[in-house]
Amino acid sequence: QVQLVESGGGLVQPGGSLRLSCAASGSIVSINDMGWYRQPPGKQRELVARITSGGYTNYADSVKGRFTISRDGAKSTVYLQMNDLKPEDTAVYYCYADLVLRNDAGDFQYGYWGQGTQVAVSS
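Quantities reported herein were computed from a predicted structural model and do not represent experimental measurements.

Caption draft 1: Structural context of the nonpolar core. Counting residues in hydrophobic clusters, the biggest one holds 30 residues, and the most contacted among them are W36, L80, M82 and Y93. Secondary structure elements with two or more residues in this core: strand 3 (18–25), strand 4 (30–39), strand 5 (46–51), strand 7 (67–71), strand 8 (77–82), strand 9 (91–103) and strand 11 (117–121). At six residues, strand 9 tops the list of elements feeding residues into this core. Sequence-distant contacts of Y93, that is, excluding residues within four places in its chain, are made with E6, L20, W36, Y37, R38, V48, F67, L80, M82, G116, T117 and V119.

Below, the structure written as structure tokens:
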């Protein structure tokens, strides 16, 4: 059983900060990329930030300079530090992990999604 457990969402005022966490667990051979996506109401899901197992990162233009993605030493937990939050950041935020799993036939890649956590930025 593989799980991605997200935490840290909530309501914050414009200009405030939140820190999202996502922990991967289960029978995982390895974890490649991890990242955060978001989906505002009525819009498509979009990439927020992504980090590879080697520590390379990329960000959506709308969050560059405000958000920072990182991973712990074991690379099983990904964080998103969100600063200077704006009302347009309001969305459901989803954790994503590119996993390598194993069965009798060999290893295979699988993209796994968390259930999402709500972030609301409002006065």
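Caption draft 2: Examining the state of the cysteines more closely. Summed over all chains, the structure comprises one disulfide. Between C22 and C95 runs a disulfide, and the two sulfur atoms are separated by 2.0 Å. Of note, the bridge from C22 to C95 carries an S-S torsion of about -85 degrees and is left-handed in sense. Taken together, the residues C22 in strand 3 and C95 in strand 9 connect sequence positions 73 residues apart. Comparing C22 with C95 shows no difference in burial state: the two are buried.

Caption draft 3: Quick look at the pairing of strand 7. Only one face of strand 7 is buried, namely the one carrying F67, I69 and R71, since none of T68 and S70 on the opposite face is buried. With five bridges connecting them, strand 7 and strand 8 associate as antiparallel partners. Residue pairing across strands places F67 opposite M82, the latter belonging to strand 8. Here strand 7 hands over to strand 8 after five residues, with K75 in that stretch at a positive phi of 60 degrees.

Caption draft 4: Broad picture of the packing of aromatic side chains. Tallying each qualifying case throughout the model produces four aromatic pairs. Relative to W113, the ring of Y37 has its centre 5.0 Å away and its plane inclined at 65 degrees; by these criteria the two rings are edge-to-face. Pair noted here: Y37 is in strand 4 and W113 is in strand 10 (residues 106–113), with a separation of 76 residues, a long-range link. Assessed through its relative accessible area of 14%, Y37 is described here as buried. Classification of W113 by relative accessible area gives partly exposed; the value is 32%. An aromatic cluster of three or more residues is present, and its members are Y37, Y96 and W113. Above the ring of Y79, the side-chain terminus of R19 is found at 4.4 Å from the ring centroid. Just above the ring of W113 sits the side chain of R45; from NZ or CZ to the centre is 4.5 Å.

Criteria and thresholds
- Residues numbered from 1 in each chain as written.
- Predicted model: local features only at pLDDT ≥ 70, side-chain atom pairs only at ≥ 80, totals over all residues.
- Heavy atoms only, no water.
- Core = buried A, V, L, I, M, F, W, Y, C linked by side-chain atoms within 4.5 Å.
- Buried < 20%, exposed > 50% of the residue type's maximum accessible area, 1.4 Å probe, protein only.
- Helix = DSSP H or I, 4+ residues; strand = E, 2+ residues; numbered from the N terminus.
- Contact = heavy atoms within 4.5 Å.
- Disulfide = S-S within 2.5 Å.
- Pairing = 2+ DSSP bridges.
- Phe/Tyr/Trp six-rings, centres within 6.5 Å; stacked < 30°, edge-to-face > 60°.
- Lys NZ or Arg CZ within 6 Å of the ring centre and 35° of its normal.

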